[in-house]
Protein chains: 2
Amino acid sequence: MPTAEAITDAVRRYLKAVAGGTAADIAACFAENATLEDPVGSEPHRGRAAIQRFFEPITDARRETELIAIRVASSSAAFHFRVRTERDSQVVEVQPIDVMTFDETGLIVEMRAFWSEADIRLG
Amino acid sequence: MPTAEAITDAVRRYLKAVAGGTAADIAACFAENATLEDPVGSEPHRGRAAIQRFFEPITDARRETELIAIRVASSSAAFHFRVRTERDSQVVEVQPIDVMTFDETGLIVEMRAFWSEADIRLG
(Lines give C-alpha, C1' and ligand atoms only; values in the text may rest on other atoms or scores of the structure.)
Protein backbone atom coordinates (compact mmCIF):
# COMPACT_ATOMS: atom_id res chain seq x y z
CA MET A 1 0.00 0.00 0.00
CA PRO A 2 1.39 3.47 -0.86
CA THR A 3 2.07 5.78 2.11
CA ALA A 4 -0.19 8.76 2.85
CA GLU A 5 2.66 11.02 1.70
CA ALA A 6 3.03 9.14 -1.60
CA ILE A 7 -0.73 9.41 -2.19
CA THR A 8 -0.74 13.15 -1.47
CA ASP A 9 2.24 13.57 -3.83
CA ALA A 10 0.39 11.61 -6.52
CA VAL A 11 -2.67 13.86 -6.19
CA ARG A 12 -0.45 16.95 -6.49
CA ARG A 13 1.27 15.48 -9.58
CA TYR A 14 -2.15 14.83 -11.14
CA LEU A 15 -3.36 18.39 -10.47
CA LYS A 16 -0.09 19.78 -11.86
CA ALA A 17 -0.54 17.68 -15.02
CA VAL A 18 -4.17 18.82 -15.37
CA ALA A 19 -2.97 22.43 -15.07
CA GLY A 20 -0.03 22.32 -17.44
CA GLY A 21 0.49 18.94 -19.07
CA THR A 22 -0.54 17.27 -22.29
CA ALA A 23 -3.35 14.70 -22.28
CA ALA A 24 -0.62 12.03 -22.31
CA ASP A 25 1.01 13.61 -19.24
CA ILE A 26 -2.32 13.48 -17.39
CA ALA A 27 -3.02 9.90 -18.55
CA ALA A 28 0.45 8.89 -17.32
CA CYS A 29 -0.81 9.47 -13.75
CA PHE A 30 -3.18 6.53 -14.28
CA ALA A 31 -2.49 2.79 -14.27
CA GLU A 32 -2.86 0.97 -17.60
CA ASN A 33 -6.27 -0.51 -16.67
CA ALA A 34 -7.58 2.42 -14.64
CA THR A 35 -11.19 3.58 -14.70
CA LEU A 36 -12.38 7.19 -14.63
CA GLU A 37 -15.98 8.18 -13.82
CA ASP A 38 -16.39 11.94 -14.32
CA PRO A 39 -18.91 12.97 -13.17
CA VAL A 40 -20.11 10.11 -10.95
CA GLY A 41 -23.14 8.53 -12.63
CA SER A 42 -21.71 8.80 -16.17
CA GLU A 43 -20.30 5.86 -18.11
CA PRO A 44 -16.73 5.16 -16.85
CA HIS A 45 -13.77 5.49 -19.23
CA ARG A 46 -11.64 2.35 -19.08
CA GLY A 47 -7.90 2.16 -19.75
CA ARG A 48 -5.16 4.75 -20.15
CA ALA A 49 -5.86 5.35 -23.86
CA ALA A 50 -9.53 6.18 -23.22
CA ILE A 51 -8.50 8.36 -20.29
CA GLN A 52 -6.06 10.27 -22.50
CA ARG A 53 -8.88 10.90 -25.03
CA PHE A 54 -11.10 12.12 -22.18
CA PHE A 55 -8.57 14.81 -21.23
CA GLU A 56 -7.68 15.94 -24.79
CA PRO A 57 -10.46 18.58 -25.07
CA ILE A 58 -9.14 20.60 -22.12
CA THR A 59 -5.52 20.75 -23.29
CA ASP A 60 -6.06 23.65 -25.71
CA ALA A 61 -7.35 25.83 -22.85
CA ARG A 62 -5.35 27.84 -20.33
CA ARG A 63 -5.71 25.91 -17.11
CA GLU A 64 -5.26 26.40 -13.39
CA THR A 65 -5.76 23.94 -10.52
CA GLU A 66 -5.62 24.36 -6.76
CA LEU A 67 -5.87 21.72 -4.03
CA ILE A 68 -8.33 22.91 -1.37
CA ALA A 69 -8.45 19.90 1.00
CA ILE A 70 -7.32 16.29 0.93
CA ARG A 71 -8.05 13.31 3.17
CA VAL A 72 -6.15 10.06 2.75
CA ALA A 73 -7.49 6.71 4.00
CA SER A 74 -5.89 3.35 3.24
CA SER A 75 -4.85 3.38 -0.46
CA SER A 76 -7.43 6.05 -1.36
CA ALA A 77 -7.80 9.80 -1.18
CA ALA A 78 -10.76 12.17 -1.33
CA PHE A 79 -9.89 15.73 -2.23
CA HIS A 80 -11.62 19.01 -2.92
CA PHE A 81 -9.98 21.14 -5.60
CA ARG A 82 -10.56 23.97 -8.00
CA VAL A 83 -10.04 23.72 -11.75
CA ARG A 84 -10.33 26.76 -13.99
CA THR A 85 -10.11 26.73 -17.78
CA GLU A 86 -9.96 29.74 -20.06
CA ARG A 87 -10.51 29.51 -23.81
CA ASP A 88 -11.30 32.52 -26.07
CA SER A 89 -11.89 34.64 -22.93
CA GLN A 90 -14.50 32.13 -21.68
CA VAL A 91 -13.65 31.10 -18.11
CA VAL A 92 -15.14 27.91 -16.67
CA GLU A 93 -14.50 27.06 -13.04
CA VAL A 94 -15.55 23.99 -11.06
CA GLN A 95 -14.60 22.85 -7.55
CA PRO A 96 -15.23 19.10 -7.58
CA ILE A 97 -14.55 16.55 -4.88
CA ASP A 98 -12.66 13.61 -6.41
CA VAL A 99 -12.06 10.17 -4.96
CA MET A 100 -9.03 8.22 -6.19
CA THR A 101 -7.63 4.79 -5.38
CA PHE A 102 -3.95 4.09 -6.01
CA ASP A 103 -1.81 1.04 -6.74
CA GLU A 104 1.40 0.32 -4.83
CA THR A 105 3.42 2.44 -7.28
CA GLY A 106 1.25 5.53 -6.77
CA LEU A 107 -0.65 5.29 -10.07
CA ILE A 108 -4.39 6.01 -10.05
CA VAL A 109 -6.44 2.83 -10.56
CA GLU A 110 -9.85 4.44 -10.04
CA MET A 111 -11.05 8.03 -10.16
CA ARG A 112 -14.59 9.20 -9.39
CA ALA A 113 -15.41 12.91 -9.67
CA PHE A 114 -18.31 14.33 -7.67
CA TRP A 115 -19.78 17.47 -9.25
CA SER A 116 -22.78 18.45 -11.33
CA GLU A 117 -23.70 21.13 -13.85
CA ALA A 118 -25.03 23.24 -10.97
CA ASP A 119 -21.42 23.58 -9.71
CA ILE A 120 -20.08 25.12 -12.94
CA ARG A 121 -19.22 28.81 -12.69
CA LEU A 122 -18.81 30.79 -15.90
CA GLY A 123 -16.73 33.98 -15.94
CA MET B 1 -33.21 8.83 -8.07
CA PRO B 2 -33.41 11.46 -5.30
CA THR B 3 -32.97 15.09 -6.41
CA ALA B 4 -29.77 17.02 -5.62
CA GLU B 5 -31.81 19.06 -3.13
CA ALA B 6 -33.12 15.92 -1.40
CA ILE B 7 -29.57 14.55 -1.17
CA THR B 8 -28.25 17.80 0.31
CA ASP B 9 -31.14 17.82 2.81
CA ALA B 10 -30.35 14.20 3.75
CA VAL B 11 -26.69 15.08 4.40
CA ARG B 12 -27.78 18.04 6.59
CA ARG B 13 -30.19 15.78 8.50
CA TYR B 14 -27.39 13.28 9.07
CA LEU B 15 -24.98 15.96 10.37
CA LYS B 16 -27.73 17.33 12.63
CA ALA B 17 -28.34 13.84 14.03
CA VAL B 18 -24.60 13.31 14.57
CA ALA B 19 -24.48 16.64 16.44
CA GLY B 20 -27.50 16.22 18.64
CA GLY B 21 -29.30 12.92 18.19
CA THR B 22 -29.25 9.51 19.80
CA ALA B 23 -27.47 6.63 18.09
CA ALA B 24 -30.92 5.48 16.94
CA ASP B 25 -31.60 8.93 15.44
CA ILE B 26 -28.33 8.73 13.48
CA ALA B 27 -29.00 5.13 12.39
CA ALA B 28 -32.46 6.21 11.18
CA CYS B 29 -30.70 8.20 8.42
CA PHE B 30 -29.52 4.86 6.97
CA ALA B 31 -31.41 2.24 4.98
CA GLU B 32 -32.04 -1.11 6.68
CA ASN B 33 -29.23 -2.87 4.75
CA ALA B 34 -26.81 0.06 4.55
CA THR B 35 -23.05 -0.30 4.86
CA LEU B 36 -20.72 2.09 6.68
CA GLU B 37 -16.92 2.09 6.19
CA ASP B 38 -15.33 4.56 8.62
CA PRO B 39 -12.50 5.12 7.98
CA VAL B 40 -12.11 3.77 4.44
CA GLY B 41 -9.98 0.62 4.64
CA SER B 42 -11.60 -0.64 7.84
CA GLU B 43 -14.12 -3.49 7.98
CA PRO B 44 -17.55 -2.14 6.94
CA HIS B 45 -20.46 -2.20 9.40
CA ARG B 46 -23.49 -3.80 7.78
CA GLY B 47 -27.13 -3.08 8.59
CA ARG B 48 -28.87 -0.41 10.63
CA ALA B 49 -28.41 -2.22 13.97
CA ALA B 50 -24.63 -2.46 13.52
CA ILE B 51 -24.55 1.17 12.41
CA GLN B 52 -26.43 2.21 15.54
CA ARG B 53 -23.86 0.36 17.69
CA PHE B 54 -21.07 2.12 15.79
CA PHE B 55 -22.44 5.54 16.74
CA GLU B 56 -23.27 4.74 20.40
CA PRO B 57 -19.81 5.68 21.79
CA ILE B 58 -20.08 9.30 20.64
CA THR B 59 -23.53 9.96 22.06
CA ASP B 60 -22.32 10.66 25.59
CA ALA B 61 -20.07 13.47 24.29
CA ARG B 62 -21.01 17.07 23.53
CA ARG B 63 -20.97 17.26 19.76
CA GLU B 64 -20.85 19.84 17.01
CA THR B 65 -20.88 19.38 13.23
CA GLU B 66 -20.48 21.81 10.36
CA LEU B 67 -20.85 21.22 6.63
CA ILE B 68 -17.87 22.77 4.82
CA ALA B 69 -18.50 21.75 1.18
CA ILE B 70 -20.79 19.32 -0.64
CA ARG B 71 -20.87 18.05 -4.22
CA VAL B 72 -23.78 15.97 -5.46
CA ALA B 73 -23.51 13.65 -8.48
CA SER B 74 -26.20 11.20 -9.56
CA SER B 75 -27.54 9.53 -6.37
CA SER B 76 -24.33 10.21 -4.42
CA ALA B 77 -22.72 13.04 -2.52
CA ALA B 78 -19.18 13.78 -1.39
CA PHE B 79 -18.90 16.29 1.40
CA HIS B 80 -16.27 17.85 3.62
CA PHE B 81 -17.37 18.53 7.16
CA ARG B 82 -16.13 19.19 10.66
CA VAL B 83 -17.09 17.07 13.68
CA ARG B 84 -16.04 18.10 17.19
CA THR B 85 -16.65 16.04 20.31
CA GLU B 86 -16.04 17.13 23.89
CA ARG B 87 -16.02 14.73 26.81
CA ASP B 88 -14.50 15.51 30.24
CA SER B 89 -12.88 18.65 28.76
CA GLN B 90 -11.16 16.55 26.07
CA VAL B 91 -11.90 18.01 22.64
CA VAL B 92 -11.42 15.87 19.53
CA GLU B 93 -11.92 17.44 16.12
CA VAL B 94 -11.76 15.84 12.68
CA GLN B 95 -12.66 17.23 9.25
CA PRO B 96 -13.33 14.12 7.12
CA ILE B 97 -14.53 13.89 3.55
CA ASP B 98 -17.44 11.45 3.40
CA VAL B 99 -19.01 9.82 0.36
CA MET B 100 -22.62 8.66 0.60
CA THR B 101 -25.00 6.96 -1.80
CA PHE B 102 -28.74 7.31 -1.28
CA ASP B 103 -31.84 5.30 -2.14
CA GLU B 104 -34.87 6.87 -3.80
CA THR B 105 -36.33 7.81 -0.38
CA GLY B 106 -33.21 9.72 0.69
CA LEU B 107 -31.87 7.08 3.07
CA ILE B 108 -28.12 6.39 3.06
CA VAL B 109 -27.31 3.01 1.52
CA GLU B 110 -23.52 3.39 1.62
CA MET B 111 -21.20 5.66 3.57
CA ARG B 112 -17.43 5.79 3.23
CA ALA B 113 -15.44 8.18 5.43
CA PHE B 114 -12.04 9.41 4.24
CA TRP B 115 -9.77 10.44 7.14
CA SER B 116 -6.86 9.04 9.08
CA GLU B 117 -5.38 9.41 12.56
CA ALA B 118 -3.12 12.17 11.20
CA ASP B 119 -6.25 14.31 10.72
CA ILE B 120 -7.32 14.16 14.39
CA ARG B 121 -6.90 17.41 16.32
CA LEU B 122 -6.96 17.28 20.12
CA GLY B 123 -7.86 20.39 22.13
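Here the structure is a predicted model, which means the values were calculated and not measured. (Residues numbered from 1 in each chain as written. Chains lettered and ligands numbered in written order. Predicted model: local features only at pLDDT ≥ 70, side-chain atom pairs only at ≥ 80, totals over all residues. Heavy atoms only, no water.)

Asks: Can you explain the overall build of chain A? Please cite residues and give values.
Replies: Looking only at helices and strands, chain A has three helices and eight strands in total. In chain A, the succession of helices and strands from N to C terminus is α-α-β-β-α-β-β-β-β-β-β. By principal-axis analysis of the C-alpha atoms, chain A measures approximately 45 × 30 × 25 Å. Looking at chain A as a whole, 50% of its 123 residues are labelled buried. Long-range pairs, those at least 24 residues apart, make up 51% of the contacts in chain A between residues at least 6 apart in sequence. Counting every atom, chain A has about 6100 Å² of accessible surface; 48% of that belongs to carbon and sulfur. Side chains of chain A carry 14 positive and 20 negative charges; the gap between the two charge centres is 3 Å. (Helix = DSSP H or I, 4+ residues; strand = E, 2+ residues; numbered from the N terminus. Buried < 20%, exposed > 50% of the residue type's maximum accessible area, 1.4 Å probe, protein only. Contact = heavy atoms within 4.5 Å. Areas by Shrake-Rupley, 256 points an atom, 1.4 Å probe, with all protein chains shown as cover. Lys, Arg positive; Asp, Glu negative; His and termini not counted. Charge placed at Lys NZ, Arg CZ, Asp CG, Glu CD.)

Asks: Report on the interface of chain B and chain A, specifying residues and quantitative values.
Replies: Each partner contributes residues to the interface: chain B has 21 residues there, and chain A has 21 residues. For the pair chain B and chain A, the summed buried surface comes to about 1600 Å²; carbon and sulfur atoms form 68% of the total. Counting every contact that joins chain B to chain A gives zero salt bridges. Run the count over chain B and chain A and you get two residue pairs in polar contact (both at pLDDT 80 or more). Those elements giving two or more residues to the side of chain B that touches chain A turn out to be β3 (62-73), β4 (76-87), β6 (97-102) and β7 (108-114) of chain B. The dominant element in the side of chain B that touches chain A, judged by the number of residues it contributes, is β4(B), at five residues. (Buried area = accessible area lost by both parts, 1.4 Å probe. Salt bridge = Lys/Arg side-chain N within 4 Å of Asp/Glu carboxyl O. Polar contact = N/O pair within 3.5 Å; in protein donor to acceptor, adjacent residues only side chain to side chain.)

Asks: Let's hear about the relation of the copies chain B and chain A: which residues, and what values?
Replies: For these two chains of identical sequence, chain B goes onto chain A by a turn of 180° and a shift of 0.0 Å along the axis, with RMSD 0.0 Å. What we have between these two chains is a two-fold relation. (Least-squares fit on C-alpha atoms with pLDDT ≥ 70 in both.)

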